[in-house]
Amino acid sequence: MKKIVTVTTNERVIKTVKKSCELFSAFFSSEIFGNTDTAISYINYEMPEIKVLDYTSTDLDCVKILETINSDPWLHYGGIIAICKNADHVKKLEDLKDNNMLTVQKLDDFERHFSRILRILYQNQQFLYTRGMQDIIGGQESGLFICNNDPMDIRFYTNFLVSYLYNTNRISDDDRYSLHITLMEMLTNALEHGNLEITYREKTEWLLKGGDMLDLIAKRRAEPKYADLKIHISYAIGKSVSAFRIKDEGEGFDWRAMMNKKDDLDAHGRGISLSKQCVKKLLYNERGNQVTFTIANLVNKVNTVPGIMKPFDTIEYRNRDVVCRENEMSNDLFFIVSGRFAVYVKKRLATVLTPNDMFIGEMAFLLNDRRTATVVAVGNCRLIKVPKSAFLSLIRQNPHYGIFLSKVLAQRLVNQTAETISLNKKIAKYQQNRVKNSGITRKKRK
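The present account deals with the structure reproduced in this document. Please read these numbers as outputs of a predicted model, since none were measured by experiment.

**Re the overall build of the protein**
Across its full length, the protein holds 15 helices and 16 strands. Dimensions of the protein, computed from the C-alpha atoms along their principal axes, are close to 75 × 70 × 45 Å. Counting only residues that meet the buried cut, the protein has 49% of its 446 residues in that class. Of all intrachain contacts in the protein linking residues separated by at least 6 positions in sequence, the fraction that spans at least 24 positions is 74%.

**Here's the deal with the packing of aromatic side chains**
By the definition in use, this model includes 14 aromatic pairs. Note on Phe110 and Phe114: the rings are 4.8 Å apart at their centroids and 35 degrees apart in plane angle, and the pair reads as tilted. Linking Phe110 with Phe114, this pair stays in helix H6 (residues 107–123), spanning 4 residues, or about one helical turn. Residue classification places Phe110 among the buried residues on the basis of a relative accessible area of 0%. Grouped by ring-pair contacts, the aromatic residues Phe145, Phe156, Tyr157, Phe160 and Tyr235 constitute a single cluster. In this structure, Arg176 packs its charged tip against the face of Tyr166, placed 4.2 Å from the ring centre.

**Some words on the packing of helix H1 (residues 11–23) against H6**
In a packed pair of helices, the relevant descriptors are the angle between the two axes and the axis-to-axis distance. At their nearest, the axes of H1 and H6 sit 9 Å apart, and the two run at 15 degrees to each other. Between H1 and H6, the angle falls in the class roughly parallel. Between H1 and H6 lies a crossing of right-handed hand. Contacts between H1 and H6 pair Arg12, Val13, Thr16, Val17, Ser20, Cys21 and Leu23 from the former with Leu107, Asp108, Phe110, Glu111, Phe114, Ser115 and Leu118 from the latter. In terms of residue class, the contact of H1 with H6 is built from 8 nonpolar, 3 polar and 3 charged.

**Looking at empty space enclosed by the protein**
Applying the stated criterion across every chain yields a total of 4 cavities of 30 Å³ or more. Looking at the largest cavity, its volume works out to about 120 Å³. Forming the walls of the largest cavity are 13 residues, and the residues nearest its centre are Tyr77, Gly79, Phe127, Leu128 and Ser163. Among the elements that take part in the lining of the largest cavity, helix H7 (residues 151–167) stands out by supplying 4 residues, more than any other. Looking at side-chain class alone, the lining of the largest cavity contains 8 nonpolar, 4 polar and 1 charged residues.

**What to know about the pairing of strand S16 (residues 374–386)**
Bridge count between strand S11 (residues 314–317) and S16: 4 bridges; the pairing is antiparallel. Along S16, the bridge assignment pairs Ile315 with Leu383. As defined by bridge partners, strand S12 (residues 322–324) adjoins S16 across 2 bridges and the pair is classed as antiparallel. Along S16, the bridge assignment pairs Cys324 with Val375.

**Describing the sheet that holds strand S6 (residues 141–147)**
Working definition: the strands of a sheet are paired by backbone hydrogen bonds and lie parallel or antiparallel to each other. Strand order across the open sheet formed by 5 strands is S6-S7-S8-S10-S9, with antiparallel pairing between neighbours. Each of the sheet's edge strands pairs with one partner strand only, and the pair in question is S6 and strand S9 (280–284). Pairwise comparison of adjacent strand axes, ignoring direction, gives a mean angle of 10 degrees for this sheet. Where S9 lies against strand S10 (residues 290–296), 3 bridges are found, and the strand directions are antiparallel. Bridging from a neighbouring strand, Leu283 pairs with Thr292 of S10. On the sheet, helix H8 (residues 173–195) packs against strand S7 (231–237), strand S8 (241–248), S9 and S10 and is oriented at approximately 15 degrees with respect to S8.

Conventions used here
Residues numbered from 1 in each chain as written. Predicted model: local features only at pLDDT ≥ 70, side-chain atom pairs only at ≥ 80, totals over all residues. Heavy atoms only, no water. Helix = DSSP H or I, 4+ residues; strand = E, 2+ residues; numbered from the N terminus. Buried < 20%, exposed > 50% of the residue type's maximum accessible area, 1.4 Å probe, protein only. Contact = heavy atoms within 4.5 Å. Phe/Tyr/Trp six-rings, centres within 6.5 Å; stacked < 30°, edge-to-face > 60°. Lys NZ or Arg CZ within 6 Å of the ring centre and 35° of its normal. Axes fitted to C-alpha atoms, helices over the stretch in contact; angles between N-to-C directions. Parallel < 35°, antiparallel > 145°, perpendicular 65-115°, else oblique. Left-handed = near helix turned anticlockwise from the far one by under 90°. Nonpolar A, V, L, I, M, F, W, Y, C, P; charged D, E, K, R; others polar. 1 Å grid on protein atoms, 1.4 Å probe; cavity = no way out; pocket = protein on both sides within 12 Å on 5 of 7 lines; lining within 4 Å. Points joined across faces, edges and corners; volume = space filled by probe spheres on them. Pairing = 2+ DSSP bridges.

This is how it looks when you write it as C-alpha cells:
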C-alpha cells in the first residue's frame, strides 16, 4: 500500500483526490491535511511516497512543506505533485527544477489529469522506490512507457524516470541534469516534429508571431489524424550503462539538418546538438522517428548522504583494509558511501556489501553486542563512521530517523523471510524429485 498525503483546504482538490483514490483503493492510501504543521509531522514520521501540495490554499504554507522535504532529500524524497493558481505560478515552480517534482499543474488540469497520473503510478509501481529497498533492486531493469500526444505526459514521464534513477544511485547530480535535458528534447521532437508533423518552418513562424507552442500543440492534437498517435519510451537499466529509446508513430523528420546546428540566432532547433553533448551514442534511425542514447551509471557509490550522517567525517579505506573484526567489542555504525566490502564469518566469505546495503554493523549497533563478522575493503572505499552515543543523540533530535531505521530493518526481515520460504520450497521440490527418481531407478533395476 502506497501512501498519498494531500495538503489542501480546497474542496475541489479534496473531491478530486478522494474520487481518484477510490479507483485504486487496493494500492493507494490517502491522507488529507488542512494544517501545515500537522502535514509536516505526518511527512516526517510516515514518509509517504507521494505528496500533493496545493498552492491555491492560501491558508497553508506549501513553501515551508517543500523546504522540509528538501531539507533532507535522502529521507524525504518522493514524488511531489504541485497544484498552482495560474500558468505563471506553474512556470515559477518548474523553474525550481526540484528533484522530486513529478508534475506541476493548474487546478483545472489537476482535476482532469489526477486519475490518469494515479493510473501511471499504479502501472509502474516499481518506480515508487523506497529507501532501504536497494538490496532487492535487480542489476537489470527494462520496460516501456507509452505517452499520449500531451506535453504533460512528456514532463511527467521524464521527471518520473530521472527521479527514480537518481534516488536509486544510478546517476549523479550532473547526470540527472543531462538526462533530463535529453529526454525532454527528444520527447518534444517526437511530439512536435514526429507525431504532430509540425515543421521547423511552422514552429519558427508561430514563435516569431509571439505564439505559445502549447497552443499550437493543442490545435494540432485536436485533428483526428493525430488524435491516437503515441510516443514509446523504452529503457534498459543495467549495472554500468543505461540505454533509452524514444519512438514516435509519425513519418519522421530531417534529423540530419538539426544534428550539427549551431546558429544561436534561431528561435529553436538546437535540442539535438545540445543533447549530443549530454549523453553517449545519440543515434537516429534512417526514417527519423526513433532515437537511442545511453548514459553511464554510477557504480558502487551514493549520490546523496543522509542529513544525519553529514556531521561525521568520511573515512577512506584501501584494498584489504579491515573495517572491523569478528568478536571485537564495537558498536559503531558505518554508512557506506562508496566501494565494496567483503564480509567473512569464521574466515569464510559470507557476502559482499555495497552502497545498496546502506549500513555496516547495524546489528551490533542496535544490540550492543560483539561483531559477528570481519569486514574488509575491496579496492578503494569510503565509509562514514558514526559512534553509537552520537547517533542516539541525533535520533533524539530527529526521532523520525529512528522510525526510518526500524522500517529498513523490518523490510530486510520481510525480504529474508520471503527468500527463506522460496528456498524451502526449492529444497522440498528437489527432495520430491530425488525420491521420484530413486523409485524409477529401482524399477529399472528390477
